[in-house]
Amino acid sequence: MANKNETKNEKLARLEKDLKEVKGTLPEHCYGKNGYIDYHNAPVSLWQKIEGLEEEIKVLKKELGIKD
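Quick look at the structure, then.

In terms of regular secondary structure, the protein is built from two helices and two strands. Counted from the first residue to the last, the protein has its helices and strands arranged as α-β-β-α. Taking all 68 residues of the protein together, 24% fall into the buried category. If you sum the accessible surface of the protein, you get close to 5,600 Å²; carbon and sulfur atoms cover 52% of it.

Here it is in structure tokens:
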């Protein structure tokens, strides 16, 4: 959870970790006995969360002068 006293670098690290965890819940990370399961999709809310985190990371990197 966000800490009011965290630095921008700490927030960036937290957001990148959160993004990695959220992306790990996408259906393409689900496997059955024979590998990839392609018959279900991620809900729109999950994609919105991913996009929100990516945008926050992009803004922070710009503020910190970090290039992708």
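Mapping lysine 61 onto the fold places it in helix 2 (residues 44–64). Residue contacts for lysine 61: discarding those within four places in its chain leaves Leu12, Glu16, Ile66 and Asp68.

Once that is clear, we can look at helix 2. For helix 2, with 21 residues, the first-to-last C-alpha span of 30 Å sits near the 30 Å given by 1.5 Å per residue. Looking at helix 2, one finds that the buried residues are Leu46, Ile50, Leu53, Ile57, Leu60 and Lys61. Across the axial projection of helix 2, the buried residues extend over an arc of 100°, all falling on one side. Helix 2 presents Val44, Gln48, Glu51, Lys58 and Lys62 as exposed residues on the side facing more than 90 degrees away from its buried surface.

Here helix 1 (residues 8–23) contains 16 residues, and its C-alpha end-to-end distance of 22 Å stays within 8% of the 22 Å for a straight helix at 1.5 Å per residue. Buried residues along helix 1 sit in contact with helix 2.

For the rest of this paragraph, the subject is the side chain of glutamate 6. Along the chain, glutamate 6 falls in the segment before helix 1. By relative accessible area, which is 19% here, glutamate 6 ends up buried. Among the polar contacts listed, one links the side chain of glutamate 6 to the side chain of arginine 14, at a separation of 2.7 Å. Apart from residues lying up to four places away in sequence, glutamate 6 is in contact with Lys11 and Arg14.

Time to look at the nonpolar core. Within the largest apolar cluster, 11 residues are counted, these being Leu12, Leu15, Leu19, Val22, Leu26, Ala42, Leu46, Ile50, Leu53, Ile57 and Leu60. Mapped onto this core, the elements with two or more residues apiece are helix 1 and helix 2. Of the residues forming this core, the biggest block, five residues, is contributed by helix 2. Once you skip the residues sitting within four places of it in the chain, leucine 15 turns out to touch Leu53, Glu56, Ile57 and Leu60.

Basis of the calculations
Residues numbered from 1 in each chain as written. Predicted model: local features only at pLDDT ≥ 70, side-chain atom pairs only at ≥ 80, totals over all residues. Heavy atoms only, no water. Helix = DSSP H or I, 4+ residues; strand = E, 2+ residues; numbered from the N terminus. Buried < 20%, exposed > 50% of the residue type's maximum accessible area, 1.4 Å probe, protein only. Areas by Shrake-Rupley, 256 points an atom, 1.4 Å probe, with all protein chains shown as cover. Contact = heavy atoms within 4.5 Å. Expected span 1.5 Å × (residues − 1). Arc of directions from axis to C-beta. Polar contact = N/O pair within 3.5 Å; in protein donor to acceptor, adjacent residues only side chain to side chain. Core = buried A, V, L, I, M, F, W, Y, C linked by side-chain atoms within 4.5 Å.

Nothing here speaks to function; it is geometry throughout.
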